[in-house]
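Coordinate inspection notes
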Amino acid sequence: MHDSNHVAVLDFGSQYTQLIVRRVRELGYFAKLYAIEDFPNIGKPGAIILSGGPKSTSEADAPDLDFEALQGFGVPVLGVCYGMQLLNIKFGGTVEASDRREYGPASLFPTECSGLYESISESSQVWMSHSDTVKVIPGGARVIASNQHGTPVSLQWNQHFFGIQYHPEVTHSHQGLQILKNFLALSNDLLPFRIEDFKREIIEGIRKEVAGKQVVCGVSGGVDSTVLAVLLHEAGANVRAIFVDHGLMRKDEGIEVRRNFERMGVPIETVDCAERFLAALEGVDDPEKKRVIIGNLFIDVFWDSVGDAEMLAQGTLYPDVIESASNAKSKASKIKTHHNRVDRILELQAQGKVLEPLAELFKDEVRELGTSLGIPEDILQRHPFPGPGLAVRCPGIITEDRLHIIRECDAIFIGKLKEHGWYDKVWQAYAGLIPVKTVGVKGDERSYEWAITLRAVVSEDAMTADWVELPPILLRETSHRILNEVKGINRVLYDISTKPPASIEWE
Ligand code: XMP
């Protein structure tokens, strides 16, 4: 899908590569990331961007590409950092290896203000992150921008080929987006990216792949699985949407999920297995053990209900695909890979039985797609909720009593956030139980009860988060209601921890 008139981003391994794709899409063009090993099988792009990367061009195993093939596309090419150094070598210049790293801000001084640097101001801040630098600039090439020391940071080798040493994709490069925009304006062949067109293509794609077969998908009430189920329904697929209620849901969540799907006219099946999960979790207080138990049981229950369905649809998103594909080193990526790529799914995938229609989209694009599918905004703007549910908000052992307390407090807190107009301003909010009993007074009596903690954070991608300075009146009203209405709680705390070092959830 979309492999013509798009922007092909070739991945040389920079940590910022995904951001380039993001920025291009923000500018209204479709961008796709390609592993360098796949080059030149990148369709018919209208422009090509070579990303940065951790290697030095002088290393024996430095990634390379077929330069003749690259030229053969006849479209504008932008080399970023490593990409620029590689291009300089290809054009006959040299690169000087260095152990010294330049990391941080620099000032950009364009030597001409057309083309790449149209409407870019002098001494605009750009972000550097590199060791090697270009040394000999080949004949015919021009320096089109330098830094504050007069060192070349941007080259043009010919009509189509440009290089920049800095990273335009990071926000610290203040006019980076404009520079990318200027580069893309050099292409005559880029088609604008509109979610409506994309929706049509996805639906056609689903129809072709499914072709009368029965498809199953899991739904949780979250944004991705909801959009997936509605898409399949819209495509007229013979779909079974299965909602596994593991009993670790919030207050009335099962009812709400079912009602939401009813509103959208998409039938779902509920598998109620709360007792099975609670029994499996009995007496377990170790966070990791809880996760493993829940994860494995979930897969078993889901697969038992799938029966002999011919296809499985998953709400895998683009960042997951990129991370799984990119030989990810971080633990987080491995966990994600694990989720969508357990053995049973890999087997089905090998047989062409896994459908992942959202695999080219970022989260906010999925929301946009949801809007264009007519999914109500309140469903699309729901806060994220973790797969293991309230288990990660209930440190210590999990009992029905404890879950009940969390549900009641959470419902009061979320209700107050909505009432005060704060629900949509925070990324995620919840109540968690602190399984410590403290002394209080209720009426004339001594009480000895649990404490509840409230957490509300803002975040962009859940990798980092900040606690929210909620209005004291909102906190006061929430606390008042919890202390008066929820049996078993005599203390309410507000969590003022950033991530890192704390995580968003308690476990
Ligand atoms: P942490 O607690 O790691 O959470 O800061 C980051 C974001 O991920 C959600 N989360 C999960 N989501 N399965 C999920 O689907 C999980 O096991 C899981 N653990 C955490 C969490 O709610 C937050 O949005």
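Attention in this report is confined to the structure presented alongside it.

Criteria and cut-off values
Residues numbered from 1 in each chain as written. Predicted model: local features only at pLDDT ≥ 70, side-chain atom pairs only at ≥ 80, totals over all residues. Heavy atoms only, no water. Helix = DSSP H or I, 4+ residues; strand = E, 2+ residues; numbered from the N terminus. Buried < 20%, exposed > 50% of the residue type's maximum accessible area, 1.4 Å probe, protein only. Contact = heavy atoms within 4.5 Å. Right-handed = clockwise from strand over helix to strand, strands pointing away. Pairing = 2+ DSSP bridges. Expected span 1.5 Å × (residues − 1). Axes fitted to C-alpha atoms, helices over the stretch in contact; angles between N-to-C directions. Parallel < 35°, antiparallel > 145°, perpendicular 65-115°, else oblique. Left-handed = near helix turned anticlockwise from the far one by under 90°. Nonpolar A, V, L, I, M, F, W, Y, C, P; charged D, E, K, R; others polar. Salt bridge = Lys/Arg side-chain N within 4 Å of Asp/Glu carboxyl O.

Further remarks concern the overall build of the chain. Along the backbone of the chain there are 16 helices and 20 strands. Across its three principal directions, the C-alpha atoms of the chain cover 90 × 55 × 40 Å. Looking at the 507 residues of the chain, the share that counts as buried comes to 50%. Intrachain contacts of the chain at a sequence separation of at least 6 include 75% that bridge at least 24 residues.

Moving on, we come to the pairing of strand 1 (residues 7–11). The element strand 1 is extensively covered by neighbouring structure, given that five of its five residues are classed as buried. Of the two faces of strand 1, the one holding Val7, Val9 and Asp11 and the one holding Ala8 and Leu10 are both buried throughout. Crossover connection from strand 1 via helix 1 (residues 17–26) to parallel strand 2 (residues 31–35): handedness right-handed. Across four bridges, strand 1 lies against strand 3 (residues 47–50) in parallel orientation. By the bridge assignment for strand 3, valine 7 is matched with alanine 47.

Before going further, it helps to spend a moment on helix 16 (residues 472–485). An α-helical turn contains 3.6 residues, so a residue and the one three or four places further along point in the same direction. Given a rise of 1.5 Å per residue, 14 residues ought to cover 20 Å, and the 20 Å separating the end C-alpha atoms of helix 16 matches this to within 8%. Packed against the buried residues of helix 16 are helix 15 (400–419), strand 18 (445–458) and strand 20 (489–494).

The five strands lie next to each other as 14-13-12-15-16, forming an open sheet whose pairing is parallel. Edge positions in the open sheet fall to strand 14 (268–272) and strand 16 (354–355), since each of these has one partner strand only. In this sheet, strand 15 (residues 311–313) lies alongside strand 12 (residues 214–219) in parallel orientation, the contact comprising three bridges. Pairing of valine 216 across the sheet is with leucine 312, part of strand 15.

Let us now look at the packing of helix 5 (residues 195–210) against helix 6 (residues 223–234). What describes two packed helices is the angle between their axes and the distance between those same axes. Running from N to C, helix 5 and helix 6 point in directions that differ by 70 degrees, and their axes come no closer than 9 Å. Here helix 5 is positioned roughly perpendicular relative to helix 6, judged by the angle of their axes. Here helix 5 and helix 6 pass one another in a crossing that is right-handed. For the pair helix 5 and helix 6, the contacting residues are Ile202, Ile203, Ile206 and Arg207 in the first and Leu231, Leu232 and Glu234 in the second. Grouping the amino acids of the contact of helix 5 with helix 6 by side-chain chemistry returns five nonpolar, no polar and two charged.

Opposite charge on two side chains permits pairing when their charged atoms draw close. Taken as a whole and assessed by the stated rule, the structure comprises 27 salt bridges. The salt bridge partner of arginine 22 is aspartate 364, with a shortest N-O separation of 2.5 Å. With arginine 22 in helix 1 and aspartate 364 in helix 13 (residues 363–372), this residue pair connects regions lying 342 residues apart in the sequence. We classify arginine 22 as buried; its relative accessible area is 14%. Close ionic contact of aspartate 495 with arginine 455 constitutes a salt bridge, the shortest N to O distance being 3.5 Å.

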